[in-house]
Amino acid sequence: MNAKVEAKTFRLDGLKWLLVALLVGAAVAGNSYYAEIPLLYRVLAIVALCLSAVFVAVQTAKGNAFWNLLREAQNEVRRVVWPTRQEATQTTLIVVVFVLLMAVILWALDSGLGWAASKIIG
């Protein structure tokens with residue numbers, strides 16, 4: 001992209017973010033103003049306005065970058081080698097045993113130090 005297109009996109013990004021804020025504000029204000037309308041219709045209107053706001057936000061440079069980040073994260077999640085049920089169970093048991101062991105050690109240390117402090121203080 002040349003500098004003019006980037007500058008124009010940057011200027012328009014501010015307007016797009018303003019439109020996003022206005023759409024979200026309209027959803028919030030409309031929900032309060034039209035409180036007598038059945039909840040289902042208000043929710044549908046809020047969802048429509050929020051989806052419109054997301055669509056406009058994705059058209060900005062930062063919104064597009066965030067959307068690409070989400071897609072790349074989804075691809076990374078697909079590549080993860082997840083543990084089997086047995087591995088997850090064994091790891092969980094190891095963690096639980098370690099936590100219980102540390103709790104007993106800290107309880108004993110606290111009790112010992114408390115007993116020592118009470119003997120010293122009187």
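Summarised in this report is the structure supplied together with it. (Residues numbered from 1 in each chain as written. Predicted model: local features only at pLDDT ≥ 70, side-chain atom pairs only at ≥ 80, totals over all residues. Heavy atoms only, no water.)

1. Brief notes about the overall build of the protein
A count of helices and strands for the protein gives four helices and zero strands. The order of α-helices and β-strands along the protein, N terminus first, is α-α-α-α. At 28 Å, the protein has a C-alpha radius of gyration far larger than the 14 Å of a compact globule built from 122 residues. A separation of at least 24 residues holds for 63% of the contacts in the protein among residues at least 6 apart in sequence. Total accessible area on the protein stands at roughly 10,400 Å², and carbon and sulfur atoms take up 73% of it. Taking the average place of the 11 positive charges on the side chains of the protein and the average place of its 7 negative ones, the gap between the two points comes to 7 Å. (Helix = DSSP H or I, 4+ residues; strand = E, 2+ residues; numbered from the N terminus. Rg over C-alpha atoms; globule rule 2.2 N^0.38 Å. Contact = heavy atoms within 4.5 Å. Areas by Shrake-Rupley, 256 points an atom, 1.4 Å probe, with all protein chains shown as cover. Lys, Arg positive; Asp, Glu negative; His and termini not counted. Charge placed at Lys NZ, Arg CZ, Asp CG, Glu CD.)

2. Regarding the side chain of threonine 60
Structurally, threonine 60 is set in the loop between α2 (39-58) and α3 (61-79). For threonine 60, a relative accessible area of 2% gives the class buried. Here alanine 57 takes part through its backbone oxygen, which lies 2.6 Å from a polar atom of the side chain of threonine 60. Side-chain polar atoms of threonine 60 contact the backbone nitrogen of glycine 63, separated by 3.0 Å. Residue contacts for threonine 60: discarding those within four places in its chain leaves Asp13, Lys16 and Trp17. (Buried < 20%, exposed > 50% of the residue type's maximum accessible area, 1.4 Å probe, protein only. Polar contact = N/O pair within 3.5 Å; in protein donor to acceptor, adjacent residues only side chain to side chain.)

3. Some thoughts on the pattern of salt bridges
Counted by the stated rule, this structure contains one salt bridge. For glutamate 76, the salt bridge identified is with arginine 79, shortest N-O distance 2.8 Å. In this pair, glutamate 76 and arginine 79 both sit in helix α3, three residues apart, roughly one turn of the helix. Residue classification places arginine 79 among the exposed positions, given a relative accessible area of 59%. (Salt bridge = Lys/Arg side-chain N within 4 Å of Asp/Glu carboxyl O.)

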